[in-house]
Amino acid sequence: MANNMIRMAWLARHLFFIALLLLTGKINGQSIEKYYTSSLQEKGTLYFIFPQSGFENNKTKSKLIYDITYFETTDTVTLNFSYFDKLERTIDSVIFVNTNQRFSGSIKKLFIETNKSKWHYRYTSKILFTDINSFFNQTNNPTIILYTQQGIIELNIKTKNWKKQSSVTKKILTLIKYNQ
């Protein structure tokens, strides 16, 4: 009889946790596992948020794709981005603009190559974790501005794309903060 009571208590506790997981999964939205990976390193965890797109300039028909790498022992993220454009450009800097702030990071060229009829510019930048977290914690669509020697390129994102992208990235960044 005592064995049956223990089994019933064990089953009730596990059913409670399963129900709790199902409810919180529905409240929090989509699963984020397919958007990032993490790897335990000797001195901490390395997080990599897979490439994301959506920032475009309709006039120049150019686009920007970025990925984010974060090592938990630092206060900065590495933001790598690819910019695709039909014109040759010399990119000097990148600025991230949202309703509350503007921030930038120094950029370093990784490579430039051609991809069919477009130029593929690949750069990397170090950005404070708090700045990138703030960038993704806004509801209004942000803008990414590339300063080039040939002029300013303003890259915008559609509301639907931003809502999904910011929701997923915000959740990943929150997970990172909780695991520090």
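Sequence positions are assigned chain by chain, starting from 1 and proceeding in written order. It should be noted that, the model being predicted, local features are given only for residues of pLDDT at least 70 and side-chain atom pairs only at 80 or more, the latter also being counted only at that level, while totals for whole chains, interfaces and linings use all residues. To get the side-chain values, take all heavy atoms of the structure and skip hydrogens and water.

**Quick word on the packing of helix 2 (residues 129–136) against helix 3 (residues 159–178)**
Interhelical geometry of helix 2 versus helix 3 gives an angle of 140° and a closest axis separation of 8 Å. Handedness of the helix 2/helix 3 crossing: left-handed. Residue-level inspection shows F129, I132, N133, F135 and F136 of helix 2 in contact with helix 3, the latter providing W162, Q165, S166, T169, K170, L173, I176 and K177. Along the lines of polarity and charge, the residues of the contact of helix 2 with helix 3 split into 7 nonpolar, 4 polar and 2 charged. Angles run from 0 to 180 degrees between N-to-C directions of axes, and those axes are lines fitted to C-alpha atoms, restricted for helices to the stretch in contact. Labels follow the DSSP assignment, with helices taken as runs of H or I lasting at least four residues and strands as runs of E lasting at least two, numbered in each case from the N terminus. Put simply, a crossing is left-handed when the front helix is turned counterclockwise from the back one by less than a right angle, and right-handed when it is turned clockwise. By the convention used here, residues are in contact when the closest approach between their heavy atoms is within 4.5 Å. Classification convention: Asp, Glu, Lys, Arg as charged; Ala, Val, Leu, Ile, Met, Phe, Trp, Tyr, Cys, Pro as nonpolar; all other residues, Gly among them, as polar.

**A few points about helix 3**
Since the α-helix turns once every 3.6 residues, residues separated by three or four places project in the same direction. Over its 20 residues, helix 3 runs 28 Å from end to end, which matches the ideal 28 Å to within 8%, given 1.5 Å per residue. Among the residues of helix 3, W162, Q165, S166, V168, T169, I172, L173 and I176 are the ones counted as buried. Close packing links the buried residues of helix 3 with strand 1 (36–41), strand 2 (44–57), strand 3 (62–71) and helix 2. Here a helix's expected span is defined as the number of its residues, less one, multiplied by 1.5 Å. When accessible area is computed with a 1.4 Å probe and restricted to protein chains, residues below 20% of their type maximum are described as buried, those above 50% as exposed, and intermediate ones as partly exposed.

**Regarding empty space enclosed by the protein**
Space inside and on the surface of the protein is sampled on a 1 Å grid over the protein atoms alone, with a cavity defined as a set of points where a 1.4 Å probe fits but cannot get out and a pocket as an open set with protein on both sides within 12 Å along at least 5 of 7 lines; lining residues have an atom within 4 Å of a point. Grid points are joined across faces, edges and corners, and a volume is the space filled by probe spheres set on the points. Counting across every chain of the model gives 1 cavity of 30 Å³ or more. Here the largest cavity defines a volume of roughly 30 Å³. As for the largest cavity, its lining consists of L64, Y66, L79, F96, I132, F135, F136 and I144. Those elements that provide at least two residues to the lining of the largest cavity are strand 3 and helix 2. No other element matches the 3 residues that helix 2 contributes to the lining of the largest cavity. Across the lining of the largest cavity, the residue classes break down as 8 nonpolar, no polar and no charged.

Nothing here speaks to function; it is geometry throughout.
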